[in-house]
Amino acid sequence: MKDTLYLVIPCYNEEEVLHETAKRLIEKINTMIKNNIISDESKILFVNDGSKDKTWSIIKELHSENNIFSGINLSRNRGHQNALLAGLMTAKEFADMTISLDADLQDDVNVIDKFVEQYYQGSDVVYGVRCSRDTDTFFKRTTALAFYKLMSSLGVDMVYNHADYRLMSKRALEGLNKFREVNLFLRGMVPLVGYKYSIVEYERHERFAGESKYPLKKMIAFALDGITSLSIKPIRIITGIGFTIFFISILTLIYSIIINFIGNAVTGWTSLTISIWMLGGIQLLCLGVIGEYIGKIYNETKQRPRFIISDRLIENKIKDV
Ligand code: UDP
Ligand code: MG
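Rules used in this analysis
Residues numbered from 1 in each chain as written. Chains lettered and ligands numbered in written order. Predicted model: local features only at pLDDT ≥ 70, side-chain atom pairs only at ≥ 80, totals over all residues. Heavy atoms only, no water. UniProt positions renumbered as here; feature names shortened; annotations may be inferred. Buried < 20%, exposed > 50% of the residue type's maximum accessible area, 1.4 Å probe, protein only. Helix = DSSP H or I, 4+ residues; strand = E, 2+ residues; numbered from the N terminus. Pairing = 2+ DSSP bridges. Salt bridge = Lys/Arg side-chain N within 4 Å of Asp/Glu carboxyl O. Donors = N, O, S within 2.8 Å, 3.2 Å for Na, K, Ca; no water. Axes fitted to C-alpha atoms, helices over the stretch in contact; angles between N-to-C directions. Contact = heavy atoms within 4.5 Å.

Under an unreviewed UniProt entry, the name given to the protein chain is Glycosyltransferase YkoT, and the organism recorded is Clostridium saccharobutylicum DSM 13864. Checking UniProt for the protein chain, the heading Subcellular location (unreviewed entry) contains the comment "Membrane".

Next comes the structure, spelled out in structure tokens:
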């Protein structure tokens, strides 16, 4: 008896791509079931992340045609990471392994076999890694590279060029479930779960229809979230800045006293103005960074639910752990 695979696909306003995505995924899954690579209870699980268009009715329609398509409907839009987590946590009840991918099929579906092969060879997590970024704009490519570099310099363990296309075994999902944080940055959290992992390379395509749901503003917010959720180094850097400024201030003090004794105390207005503005600026910046962390703590202590599921369309046996 082969293991059960669930493909988990978060969808936000994806009516333009869903039919095509469904068609390509079912072909893939059916071939794999036929070749006895995965069990015939494997499914395609769509997560509707509070879409404003016909996404949920398309999912319902797909489910009524063939119950290999299943779905959950979130009570409102919670963002990609929360939607993905909702899907993974639902799938873990039924599946032995899950693969998360985007609704726009930018992630190459043909490497799913390789993911599963790695799983059978003992990997609990398989990361899909983009082998090139040719389809990206120059801007996205350079900012992405800078981001990965920054993250690793801040001590965050992240797989280079890996987004959220990954396979996770049931026990890796159980591990992920133990992370109770509400500020989600899954690609930084999964490495913390541990277990044996492997990497599969793939080409990332262009989105075949519809628009990106990640405009620049959301992307920057996501990157900042990633940093502050996984590293406290920025606060340490602030402490470093504090020490340096303190040291400089001692030097200035000595300098001022000497000047005073020499009797040449007409020190300039320039140095005074510069220090006021600079120190004020640095202080505000530091307060902002610290505030960012306090905001995070505030959100974490509230322990709000990370998602609320309003409807479920799944018919399957619950698997024992
Ligand atoms: N998505 C989501 N909720 C959101 C935004 C996006 O579930 O609030 C989904 C979206 O439907 C897609 C995936 O997240 O399946 C990635 O989004 P997109 O392809 O727009 O991002 P990009 O590939 O441009 O970074
Ligand atoms: Mg996309």
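From this point, the narrative continues.
Enquirer: Can you tell me about the pairing of strand 6 (residues 162–169), naming the residues and giving the values?
Expert: Most of strand 6 sits out of view: eight of its eight residues are buried. In terms of strand pairing, strand 4 (residues 97–100) meets strand 6 through four bridges, oriented antiparallel. Along strand 6, the bridge assignment pairs isoleucine 99 with leucine 167. Two strands pair when backbone bridges link them, and strand 5 (residues 125–130) and strand 6 are joined in this way by four bridges, in the antiparallel orientation. Following the sheet pairing, valine 126 is matched in strand 6 by leucine 167.

Enquirer: Give a description of the pattern of salt bridges that names residues and reports values.
Expert: Close approach of charged atoms allows side chains with opposite charge to pair. If you walk through the whole model with that rule in mind, you get 11 salt bridges. The residue lysine 28 makes a salt bridge to aspartate 113 at a minimum N-O spacing of 2.5 Å. In this pair, lysine 28 sits in helix 1 (residues 15–34) while aspartate 113 sits in helix 4 (residues 112–120), placing the two residues 85 residues apart along the sequence. Overall, aspartate 113 belongs to the partly exposed group, its relative accessible area being 26%. Across the pair glutamate 174 and lysine 92 runs a salt bridge, and its minimum N-O distance is 4.0 Å. Separated by 82 residues along the polypeptide, glutamate 174 in helix 6 (residues 170–177) and lysine 92 in the loop between helix 3 (80–91) and strand 4 bring together distant segments of the chain. Among the residues examined, lysine 92 registers a relative accessible area of 7% and is labelled buried.

Enquirer: With reference to specific residues and values, describe the coordination of the magnesium ion (ligand 2).
Expert: For the magnesium ion (ligand 2), every protein donor is listed as Asp104 (OD) and Gln106 (OE1), and the spread of their distances is 1.9 Å. The class for aspartate 104 is buried, based on a relative accessible area of 3%.

Enquirer: Before we move on, can you summarise the sheet that holds strand 3 (residues 69–74) with the specific residues and values?
Expert: Strand order across the open sheet formed by eight strands is 7-5-6-4-1-2-3-8, with mixed pairing between neighbours. Edge positions in the open sheet fall to strand 7 (197–202) and strand 8 (309–313), since each of these has one partner strand only. Put simply, the sheet's adjacent strands are angled 20° from each other on average, direction ignored. Where helix 3 meets the sheet, it contacts strand 1 (5–11), strand 2 (43–48), strand 3, strand 4, strand 6 and strand 8, and its direction lies at approximately 155° from that of strand 1.

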